[in-house]
Amino acid sequence: MKSRWTDIVGYFGERAAIAEYDGCLPRAEAEKQAIGETYDWLRSHAEPVAGIFGELLLAFRWRDDPELEGCCARLGVNHGLVGIWGFDAIVVDGEGYRPAFPSEPSRVAAILPVRERSTLIDLVACGINSQRHALRLGVGEVLGDSSIDDARETGSPLMVFDNIINWLRGCCHGAVILDWRHAGDRLDGVRQIVTRENTAPLLYGATRDCWPPPTINVLGLTEMNHAA
């Protein structure tokens, strides 16, 4: 799945860049065109995709649906964001979620991939209005694992956002903790963390056994987005 995921991300990025720089389209329009081209390419060159990979691709395709333009506007992420994510109608099922059946009462949520070293391991759904999240398989722990690794290796500050919507608005720089039970292990070795006031107490608690404990600085959301 790793190579296939990498191929799709690479193809999408290539088509978006061509549309933007060769086609002189605004970035948002270039991404919109690239979504359709990528989905059509998958349908013509690959066998049907099942499981969470297939669910992500469907959500990715529906991101281009004119009926969902209002969702993008409410998220405030309709410009300057490159990535494979989208929307789906979901039903919360226990602590997780599942795609809704046709005509079943449901809610629209943003669907994002949870990756572990470039491998797709789970999906996370985030409510457009509630900003609450639920996992598809229940194994995802963080969004932005590559940002955590970079901060650990370089000593640079790691931005930890308080929810997925704000992370999207920050162009997916930094991280979001999806499962606080494992946050300490995931953040061990990170020396500096920048976060919002409402998340700082959780981070202090999660990293109390890390050595050395990270320095935690509090910024406002506008400052974090600007830094991102």
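Structural data are supplied above this passage.
Everything numeric here is computed off the predicted structure, so don't read it as measured data.

Cut-offs and rules
- Residues numbered from 1 in each chain as written.
- Predicted model: local features only at pLDDT ≥ 70, side-chain atom pairs only at ≥ 80, totals over all residues.
- Heavy atoms only, no water.
- Helix = DSSP H or I, 4+ residues; strand = E, 2+ residues; numbered from the N terminus.
- Buried < 20%, exposed > 50% of the residue type's maximum accessible area, 1.4 Å probe, protein only.
- Contact = heavy atoms within 4.5 Å.
- Areas by Shrake-Rupley, 256 points an atom, 1.4 Å probe, with all protein chains shown as cover.
- Pairing = 2+ DSSP bridges.

**Student:** Now, about the overall build of the chain: what can you tell me, with residues and values included?
**Tutor:** If you tally the helices and strands in the chain, you get nine helices and ten strands. Looking at the 228 residues of the chain, the share that counts as buried comes to 45%. Restricting the contact set of the chain to residue pairs at least 6 apart, pairs at least 24 apart contribute 55%. As displayed, the chain has an accessible area near 11,800 Å², and 51% of this comes from carbon and sulfur atoms.

**Student:** Give a description of the sheet that holds strand β9 (residues 192-195) that names residues and reports values.
**Tutor:** Pairing between the strands of a sheet comes from backbone hydrogen bonds, and it takes one of two forms, parallel or antiparallel. With mixed pairing, the five strands of this open sheet are ordered in space as β6-β8-β7-β9-β10. Strand pairing shows two members of the sheet lacking a second neighbour, β6 (142-143) and β10 (215-218), which therefore form its edges. Pairing geometry for strand β7 (residues 158-161) and strand β8 (residues 175-177), over two bridges, is parallel. Residue pairing across strands places F161 opposite V176, the latter belonging to β8.

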